[in-house]
Amino acid sequence: MKKNTSRASKRTASTSHGGRTSSPVAGRLTLQEILSQPETWVETARKFEQNSELLRGMHSSSQNRPWLFVACGSSYYLSQTIAAQWTKLLQVACTAVPASELLFAPHEVIRRTGAQQVALLSRSGKTTEVLRAAQLLKTEAVRTLGVTCNESSVLEELCTHTLKLPWADEKSMVMTRSFTSILLFFERLGAKLAGDAELVSALDALPEKTATWLAANADKIRALGTKRRFADFVFLGQGAHYWLAQEAALKMTEMSSSYAQAYHTLEFRHGPKAIASDETLITFFLSEAAADEEILLARELRKLGAATLVVANRATPELRRNSELLIELGLNEPEYARMAMTVIPAQLLGLAVGLSKGLNPDKPRNLTRAVVLDSKKGGPAKRRGA
Ligand code: F1P
């Protein structure tokens with residue numbers, strides 16, 4: 001599998017984009033990290049198997065109690081994706097809120113969500129709002145699980161338990177493989193807690209299949225991002241796919257400084273459709289539950305001239321007719337196990353658009369790896385480097 005991934009990596013790193021050749025350096029780290037996801041997921045599975053303590057702890061005390069996930073940025077959309085999946089799989093109420101919401105209305109959030117245990121997700125383990133939320137929960141004696149890619153962080157000091165995934169961290173700015181690796185770790189946890197052996201083996205099969213799929217599709221996706229200049233980017237999804245759409249829009253905004261929006265797919269007709277034109281690229285993350293309706297919208301938007309990228313598990317002639325680019329996942333695995341792979345086209349698209357605008361997606365404009373606030377002045381702390 002390692003072989004497949006590095007082959008894809010070499011090929012895509014030297015690709016020229018719609019006539020322009022991007023700098024050999026800009027976006028190199030991000031591309032490597034996106035393409036390294038299958039290998040990172042193998043390590044994630046290995047580390048999960050070694051962490052029997054976490055699973056034992058969850059089994060004994062917390063399985064049937066409502067969960068609240070708290071985070072910022074990509075980690076927040078990740079939290080929402082996990083919460084949507086766990087609610088279905090574990091039949092337990094799972095909710096996610098941005099850390100700032102918990103900080104400004106803690107009792108309201110706890111009451112509304114019925115949360116008895118809280119997971120705080122932060123790749124860096126340094127985001128001020130998440131640390132303040134952890135501090136607040138500590139004072140309220142709420143059980144917390146910190147989740148981070150940082151080997152040693154303040155978050156760990158503030159939480160009851162900590163889960164660390166340092167192998168999934170990125171060197172570049174934006175979250176790509178850390179997003180999918182934390183997602184897969186929680187999917188595995190959910191599958192084990194639900195006693196769903198079929199799901200566990202579906203998740204086992206994913207890295208190998210994704211490596212092959214990436215080798216076949218990465219260049220096609222990147223080429224779409226540079227084919228022509230789009231003025232607007234829209235990402236659509238229903239159910240848990242809506243949160244992938246949010247993450248996808250954030251990836252586009254971060255890596256290419258473009259304006260991108262996400263909607264529940266059918267909500268797009270209720271106003272946002274006004275922006276659809278031949279300058280709009282609309283990405284559909286098709287879900288099993290809503291696919292029939294979503295295809296109708298793709299057809300409608302094609303008629304308005306919009307370019308459509310459709311990410312679907314299975315290609316159909318109808319889908320081919322209504323998409324500028326159709327990316328087929330082609331998995332026999334259930335939808336639950338396909339989410340990490342589903343978000344990759346958006347990571348590649350954001351990278352390609354950023355490069356085509358002459359930007360360096362490794363170092364997005366105005367951003368830092370974590371938002372660390374100055375407690376005295378209230379704004380971002382002055383830091384040396386990112
Ligand atoms: C969260 C985050 C990132 C985002 C940005 C600032 O960080 O919002 O998702 O890309 O660079 O920080 P973290 O709490 O997960 O470390």
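Residues numbered from 1 in each chain as written. Predicted model: local features only at pLDDT ≥ 70, side-chain atom pairs only at ≥ 80, totals over all residues. Heavy atoms only, no water.

Asks: Can you lay out the site of the ligand for me, pointing to particular residues and giving the numbers?
Replies: In the neighbourhood of the ligand, 14 residues make up the surrounding shell, with S75, S124, T127, E254 and T368 lying closest. Alone, the ligand offers 380 Å² of accessible surface; in the complex the protein occludes 95% of this. The dominant element in the shell around the ligand, judged by the number of residues it contributes, is helix α5 (residues 73-90), at three residues. By residue class, the composition of the shell around the ligand is four nonpolar, seven polar and three charged. (Near = heavy atom within 4 Å. Areas by Shrake-Rupley, 256 points an atom, 1.4 Å probe, with all protein chains shown as cover. Helix = DSSP H or I, 4+ residues; strand = E, 2+ residues; numbered from the N terminus. Nonpolar A, V, L, I, M, F, W, Y, C, P; charged D, E, K, R; others polar.)

Asks: Run through the packing of helix α11 (residues 197-227) against helix α16 (residues 344-356), naming residues and quoting values.
Replies: In a pair of packed helices, the angle between the axes and the distance between the axes together describe the arrangement. Put simply, α11 and α16 touch, their axes get as near as 8 Å, and they point 40° apart. α16 is crossed by α11, and the crossing has right-handed handedness. Facing α11, whose interface residues are T210, W213, L214, A218, I221, R222, L224, G225 and T226, α16 presents I344, P345, L348, L349, L351, A352, V353, L355 and S356. By residue class, the composition of the contact of α11 with α16 is 13 nonpolar, four polar and one charged. (Axes fitted to C-alpha atoms, helices over the stretch in contact; angles between N-to-C directions. Left-handed = near helix turned anticlockwise from the far one by under 90°. Contact = heavy atoms within 4.5 Å.)

Asks: An account of the sheet that holds strand β3 (residues 117-121) is requested, with residue identities and associated values reported.
Replies: With parallel pairing, the five strands of this open sheet are ordered in space as β2-β1-β3-β4-β5. Edge positions in the open sheet fall to β2 (94-98) and β5 (161-164), since each of these has one partner strand only. The average undirected angle you get between the axes of adjacent strands in this sheet is 20°. In the packing of α5 onto the sheet, the strands contacted are β1 (67-71), β2 and β3, and the crossing angle to β2 comes to about 170°. Against the sheet, helix α8 (residues 128-139) engages β1, β3 and β4 (143-148), with an angle of about 160° to β3. (Pairing = 2+ DSSP bridges.)

Asks: Would you mind going over the pairing of β1 in detail, with residue names and values included?
Replies: Burial of β1 is extensive: five of the five residues sit out of reach of the surface. Burial of β1 is two-sided: the residues W67, F69 and A71 facing one way and the residues L68 and V70 facing the other way are all buried. When β1 meets β2, the two strands line up parallel, connected through five bridges. When the bridges of β2 are listed, L68 appears paired with T95. For the segment spanning β1, α5 and β2, crossover handedness is right-handed. (Buried < 20%, exposed > 50% of the residue type's maximum accessible area, 1.4 Å probe, protein only. Right-handed = clockwise from strand over helix to strand, strands pointing away.)

Asks: Report on the side chain of R188, specifying residues and quantitative values.
Replies: Locating R188 in the fold gives a position in helix α10 (residues 177-193). A residue is classified by how much of its surface remains accessible, and R188, at 6% relative accessible area, is buried. If near-sequence neighbours (up to four positions away) are discounted, R188 is found in contact with A45, F48, E49, V200, L203 and D204.

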